[in-house]
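Each chain, letter by letter, is given below.
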Amino acid sequence: VSDDPLLDLAGGSFTIEAWLRLDEFDASSTRRYYVTQKKNIGDKDGLASYTFIARMGNIDDAADRQKLAFEMGDGIGPDGSLQRVVSNLLINDSNWHHVSVAFDGTSGDVRFTLDGASDLHPSAINTANLHDNDDLLYIGAHPTPPNPQSTTVNHGFDGGIDELRISDVFLPQSQLLAVPEPSSVALAIAGMLLFGLLSWLRLKVAGLRKQTKEIA
């Protein structure tokens, strides 16, 4: 996505959320799943304004591979310096899940959510040296750092992303888009229709019984 002043969020509070489905979710897989990253191809991750990761993969310790994470860079020097917050929430199946990360630009608080579960990290980010860049916003991919053998992106999103929303405020959980996934909605509607049909049949049968009694 081309740069836009509306995407320059590092100077304040913001929330990133989406519905996701991961095709690789096993703890042994090293694949990373990037939701968003604001950074140019060829730059180190310390130059990124902000990064939301749905699955850490081979970024750090193997025990954290399935966990959500959030990163912000300071943009200082040729490589920048990176701050990373790792959530205790993780995805370990191929179902659709609603995920979010919210950042408070005043306190440095970072809050993750996964299907309604919340994981708050108070004062997790030092807000003194954050920066906004003029780079592209990548969705579902990681712009490669300096590498003579690669000038594109890696860790493409193997699965699905839907209903991605970025808000320039720290949204309370009650305002997130965490509605039931389409299959759940369909089942709920089908259940209501079936309940309505059964209720109508009961009324119809009761009416017929009443008519039969009056005739008799």
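Details of the structure are given in the entry above.
Residues numbered from 1 in each chain as written. Predicted model: local features only at pLDDT ≥ 70, side-chain atom pairs only at ≥ 80, totals over all residues. Heavy atoms only, no water.

## Considerations on the pattern of salt bridges
Under the criterion given, the structure shown has ten salt bridges. We note a salt bridge from Arg21 to Asp23, for which the minimum N-O separation is 2.5 Å. Between Asp45 and Lys39 there is a salt bridge; the shortest N-O distance is 2.7 Å. The pair Asp45 / Lys39 is uniform in exposure class, with both members buried. The structure contains a network of salt bridges with shared partners spanning Asp3, Asp8 and Lys38. (Salt bridge = Lys/Arg side-chain N within 4 Å of Asp/Glu carboxyl O. Buried < 20%, exposed > 50% of the residue type's maximum accessible area, 1.4 Å probe, protein only.)

## Points about the packing of aromatic side chains
One pass over the structure, following the stated rule, counts five aromatic pairs. Taking 4.8 Å as the distance between ring centres and 80 degrees as the angle between the ring planes, the aromatic pair formed by Tyr33 and Phe157 counts as edge-to-face. Highlighted residues: Tyr33 in strand β2 (residues 33-38) and Phe157 in the loop between β11 (153-154) and β12 (159-167), separated in sequence by 124 residues. A relative accessible area of 0% places Tyr33 in the buried class. Put simply, the rings of Phe14, Tyr50, Phe70 and Phe103 touch in pairs and so form one group of aromatic residues. (Phe/Tyr/Trp six-rings, centres within 6.5 Å; stacked < 30°, edge-to-face > 60°. Helix = DSSP H or I, 4+ residues; strand = E, 2+ residues; numbered from the N terminus.)

## Description of the nonpolar core
Formed by 29 residues in total, the largest nonpolar core has its most connected members in Tyr50, Phe70, Met72 and Phe112. At the level of elements, β1 (14-22), β2, β3 (51-55), β4 (67-73), β5 (82-90), β6 (97-103) and β7 (110-114) are the ones that each hand at least two residues to this core. Per-element tally for this core: the top contributor is β1, with five residues. With sequence-adjacent residues up to four places away left out, Phe70 is seen in contact with Phe14, Tyr50, Thr51, Gln83, Arg84, Val85, Val101, Phe103, Val110 and Phe112. (Core = buried A, V, L, I, M, F, W, Y, C linked by side-chain atoms within 4.5 Å. Contact = heavy atoms within 4.5 Å.)

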